[in-house]
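Understanding the architecture of this molecule
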Amino acid sequence: MRWYSHLYVGEKAAKKRFALIQKIRRGEKDWSVYVIIPALGGNNILDICSAAEFSRPHYQERDPLVLGIAAGYWEALQVAGRIVDEMYRATGGFSLEQFLEPDGGERWE
């Protein structure tokens, strides 16, 4: 997994940011911690998944870029909303790839 250099962090998650990041890196199965990544398929922009689900091989084989972390599903929705809002304001559209290009051309496939 890769980490976005300007990681988006929810309000509650910010209080324990480094502990949450370590949990995710170790692949701990915590259903209360969520990650926000570029969508792996379909017409979506982002995927929100629990850290427990994120540790599965399905995700790890694709070397996902972690854009944000959150403590709880509702906070994950807020973080994802913030990402989409900033993307639209910066690009005038909904191209995540275009939004991430100024950060060194982060790519995923």
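Note: the structure precedes this text.
So, here's what we can say about the structure. Being a predicted model, the structure only gives us computed values, none of them experimental. (Residues numbered from 1 in each chain as written. Predicted model: local features only at pLDDT ≥ 70, side-chain atom pairs only at ≥ 80, totals over all residues. Heavy atoms only, no water.)

Here's the deal with the pairing of strand 3 (residues 46-50)
Threshold: Three exposure classes are used, based on accessible area relative to the maximum for each residue type with a 1.4 Å probe and protein chains only: buried under 20%, partly exposed in between, and exposed over 50%. Helix and strand assignments follow DSSP, with helices taken as H or I runs no shorter than four residues and strands as E runs no shorter than two, numbered in order from the N terminus. Two strands form a pair only when DSSP identifies at least two bridges running between them.
Within strand 3, 4 of the 5 residues are buried, which leaves it mostly tucked inside the rest of the structure. In this sheet, strand 3 lies alongside strand 2 (residues 33-38) in antiparallel orientation, the contact comprising 5 bridges. Looking at the pairing, Val-35 lines up with Cys-49 of strand 3.

Observations concerning the pattern of salt bridges
For the record, the criterion: Just to be clear on terms, a salt bridge is a Lys or Arg side-chain nitrogen sitting within 4 Å of an Asp or Glu carboxyl oxygen.
Counted according to the given criterion, the structure contains 4 salt bridges. The salt bridge involving Arg-2 is made with Asp-63; its shortest N-O contact spans 3.3 Å. Pair noted here: Arg-2 is in strand 1 (residues 2-9) and Asp-63 is in the loop between helix 4 (57-60) and strand 4 (65-71), with a separation of 61 residues, a long-range link. Looking at Asp-63, the relative accessible area reads 33%, which means it is partly exposed. In this structure, Asp-85 engages Arg-89 in a salt bridge whose closest nitrogen and oxygen atoms are separated by 3.0 Å.

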